[in-house]
Amino acid sequence: MYRKLLLIALSAFAAASLYSQNPTDGKNNAYDRNVRYNELGDTPQMGWNSWNKFACDIDEDVIKMMADVMADGGFLEAGYEYLNLDDCWHGTRDENGFIQCDPVKFPSGMKALVDYIHSRGLKVGLYSDAGWHTCGGREGSLGHEFQDAIQYANWGIDYLKYDWCESDGLNAKAAYTLMSRALKATGRPIFFSMCEWGSNKPWEWGNVVANSWRTTGDIAAHFTRDGKYPSYSLCILDILDKQEGLRKYAGPGHWNDPDMLEVGNGMSVAEDRAHFTLWAMLCAPLLMGNDLVHMSQETRAILLNKEVIALNQDPLGVQALKYKTEQNGALEFWFKPLEGGDWAVCIFNRSEQDREYLIDWRNFCFTDTEVSNLSTSFDTVVYRIKNLWTGKEEGTTALPKNYNKMKTVKVPSHDVILYRLSPVSE
Ligand code: GLA
């Protein structure tokens, strides 16, 4: 009982300090990519989250079904390890302030559900909010941070997504730091995913506070601004453009999060492929957001392309760079340095028309001066080319003797061509 009262007092005291601190105060503001919050997230997190498809319509049956597909359908094996419940799992707080799950939707209790998910070899994530209430109107963690962290740890939770609704007057850095300390104090390794939509430049301070931070508002399953989605959401192209300038902040242990995947939620197959490819290139968390029980073969093939996943999970952890654009911005060329001297190269057609492009590899030599210092030089190194969506080897980057044999590629509208280049050993 005394322990509980102490916790409540501690949380209230800690919460009071949230209103006074300035995020840009503090003497240690110089960003260091090698400094991290904890030992988790060496590569971007992978898993499934309930929000994009089910919103508040979740219960223990749906979650268990997803756990079964993840475990039996090849997803866990491909790297998708976290099964994350988003908003609306919450019930009320008990008489001591400890949060409970919704007894109608989760009649067996959270501990039993977590035990089931763990028994399938997966890890479990929950969602809360730094303010009074979550965006779905459930109990927030404000004033209960340490209590909530202890409750999560007691349940066996491995991941927390922490949102930013009803946070007026709060200081973001202080609020997120408080929860990050509360999670650490439990002694259980808990992946911490900040979700304050990029409002307070979390990339500038997030590496010591969390394992990832949302960079934007909510994603919509729309590729372009076609006007058919809520005004608080963003289409894929808008989210992509908002990642400009952020690559230097991402690295092992702390990742930019351009929001969860919308693959399988209504876009065309080409658009789903482009979205997945770009998120993989950006070292974004790969959190599936579709109904895993009912999905097309195409959706499955995209989500389970192990060679594309490998780009995202490459141990170097270097986010891709938009190297150049062509044809009035219609074609974007993205480069991502990989371990062992390999490079991922993505040609992305963001326009409404199919495009053709003559590839002369000599035009692509460059050095990544911003993050890795790695360079490509097609004059001195010959690379083997593998197309990761067709699975085919496509020769090498060596200049053909006959110029007419240079390759023109066709990139359909809203689609990508994705290559892995590997140095040909002498
Ligand atoms: C916010 C978040 C979303 C989702 C919802 C839940 O909008 O950005 O990702 O978690 O809240 O209500």
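Because the structure is a prediction, the values reported are computed rather than measured. (Residues numbered from 1 in each chain as written. Predicted model: local features only at pLDDT ≥ 70, side-chain atom pairs only at ≥ 80, totals over all residues. Heavy atoms only, no water.)

> Go over the overall build of the protein with me, naming the residues and quoting the values.
Of regular secondary structure, the protein possesses 11 helices and 22 strands. A globule of 426 residues ought to have a C-alpha radius of gyration of about 22 Å, and the protein, at 22 Å, matches this closely. Its C-alpha atoms give the protein principal-axis dimensions of about 80 × 50 × 45 Å. Put simply, the protein has 426 residues, and 57% of those count as buried. At a minimum sequence separation of 6, the contacts of the protein that also span at least 24 residues come to 71%. For the protein, the accessible area works out to roughly 17,600 Å², and carbon and sulfur atoms hold 50% of it. Considering the protein, the positive charge centre built from 42 side chains and the negative charge centre built from 57 side chains are found 4 Å apart. (Helix = DSSP H or I, 4+ residues; strand = E, 2+ residues; numbered from the N terminus. Rg over C-alpha atoms; globule rule 2.2 N^0.38 Å. Buried < 20%, exposed > 50% of the residue type's maximum accessible area, 1.4 Å probe, protein only. Contact = heavy atoms within 4.5 Å. Areas by Shrake-Rupley, 256 points an atom, 1.4 Å probe, with all protein chains shown as cover. Lys, Arg positive; Asp, Glu negative; His and termini not counted. Charge placed at Lys NZ, Arg CZ, Asp CG, Glu CD.)

> Account for the sheet that holds strand β15 (residues 343-349), naming residues and giving values.
The strand order across the open sheet formed by 6 strands is β13-β14-β15-β22-β19-β20, and the pairing between neighbours is antiparallel. With one partner strand each, in any of the chains shown, β13 (321-326) and β20 (393-396) form the two edges of the open sheet. Shown here is a sheet whose adjacent strand axes are inclined to one another by a mean of 20 degrees, direction ignored. Alignment of β15 against strand β22 (residues 415-423), held across 7 bridges, turns out to be antiparallel. When the bridges of β22 are listed, Val-345 appears paired with Tyr-419. Of the strands in this sheet, β14 (331-337), β15 and β22 are in contact with helix α9 (residues 269-281), which crosses β22 at around 40 degrees. (Pairing = 2+ DSSP bridges. Axes fitted to C-alpha atoms, helices over the stretch in contact; angles between N-to-C directions.)

> Tell me what's going on with the packing of aromatic side chains, and back it up with residues and numbers.
One pass over the full model with this rule turns up 25 aromatic pairs. One aromatic cluster is present, built from ring pairs that chain together Tyr-323, Phe-333, Phe-335, Trp-343, Tyr-357, Trp-361, Phe-364, Phe-366, Phe-378, Tyr-383 and Tyr-419. When the ring centre of Tyr-116 is taken as reference, the NZ or CZ atom of Lys-64 above it lies at 5.1 Å. The lysine or arginine in question, Lys-324, covers the ring of Phe-333, its NZ or CZ lying 5.4 Å from the ring centre. (Phe/Tyr/Trp six-rings, centres within 6.5 Å; stacked < 30°, edge-to-face > 60°. Lys NZ or Arg CZ within 6 Å of the ring centre and 35° of its normal.)

> Please provide a residue-by-residue account of helix α5 (residues 110-119), values included.
Regarding α5, the residues found buried are Met-110, Leu-113, Val-114 and Ile-117. For α5, the angular spread of the buried residues around the axis is 100 degrees, confining them to a single face. Buried residues along α5 sit in contact with α3 (60-72), β2 (82-84), β4 (99-101), β5 (123-129) and α6 (145-155). One or two residues past the end of α5 sits Gly-121, with phi positive at roughly 85 degrees. (Arc of directions from axis to C-beta.)

> Residues and numbers for the site of the ligand, please.
Looking at the ligand, there are 13 residues lining it, with Asp-86, Asp-87, Lys-161, Asp-163 and Asp-218 nearest. One of the side-chain N or O atoms of Lys-161 is found 2.8 Å from an oxygen atom in the ligand. Measuring from an oxygen atom of the ligand, one finds a side-chain N or O atom of Asp-163 at 2.8 Å. Computed on the free molecule, the ligand has an accessible area of 310 Å², of which 94% lies beneath the protein chains in the complex. Of the residues contributing to the shell around the ligand, the split by class is 6 nonpolar, 1 polar and 6 charged. (Near = heavy atom within 4 Å. Polar contact = N/O pair within 3.5 Å; in protein donor to acceptor, adjacent residues only side chain to side chain. Nonpolar A, V, L, I, M, F, W, Y, C, P; charged D, E, K, R; others polar.)

> I'd like a rundown of α6, residues and numbers included.
Every α-helical turn comprises 3.6 residues, leaving residues that sit three or four positions apart pointing alike. Counting buried positions along α6 gives 10 out of 11 residues, so the element sits mostly inside the fold. Among the residues of α6, those classed as buried are Glu-145, Phe-146, Gln-147, Asp-148, Ala-149, Ile-150, Gln-151, Tyr-152, Ala-153 and Trp-155. Downstream of α6 by one or two residues, Gly-156 has phi in the positive range, about 95 degrees.

> Provide a residue-level description of the side chain of Gln-319, including the pertinent values.
Along the polypeptide, Gln-319 turns up in the loop between α11 (306-312) and β13. At a separation of 2.9 Å, a polar atom in the side chain of Gln-319 contacts the side chain of Asn-256. Once you skip the residues sitting within four places of it in the chain, Gln-319 turns out to touch Leu-246, Arg-247, Ala-250, Asn-256, Met-281, Leu-282 and Cys-283.

> Explain the state of the cysteines to me, using residue names and the numbers behind them.
Each disulfide is one covalent bond, formed between the sulfur atoms of two cysteines. Tallying each qualifying case throughout the model produces 2 disulfides. Here Cys-56 is linked by a disulfide to Cys-88, with a sulfur-sulfur distance of 1.8 Å. You can see Cys-56 sitting in the loop between α2 (51-54) and α3 and its partner Cys-88 sitting in the loop between β2 and β3 (90-93), a full 32 residues away along the chain. On the basis of relative accessibility, which here comes to 26%, the residue Cys-56 falls in the partly exposed class. Covalent S-S linkage joins Cys-135 and Cys-165, the inter-sulfur distance amounting to 2.1 Å. Between Cys-135 and Cys-165, the disulfide has an S-S torsion of 100 degrees and is therefore right-handed. Of this pair, Cys-135 sits in the loop between β5 and α6 while Cys-165 is found in the loop between β6 (159-163) and α7 (172-185), placing the two residues 30 residues apart along the sequence. Here the protein pairs its bonded cysteines, counted in sequence order, in the arrangement 1-2, 3-4. Here Cys-346 stays unpaired: no disulfide links it, and the sulfur of Cys-283, its closest cysteine neighbor, is 14 Å away. Just so you know, Cys-365 is unpaired, no disulfide at all, and the nearest cysteine sulfur is the one on Cys-346, 19 Å from it. Residue classification places Cys-365 among the partly exposed positions, given a relative accessible area of 29%. (Disulfide = S-S within 2.5 Å.)

> Quick rundown of the pairing of β3? Include the residues and the values.
Pairing geometry for β3 and β4, over 2 bridges, is antiparallel. When the bridges of β4 are listed, Arg-93 appears paired with Ile-99. Here β3 folds back onto β4, and the loop between the two strands holds 5 residues, one of which, Gly-97, carries a positive phi near 95 degrees.

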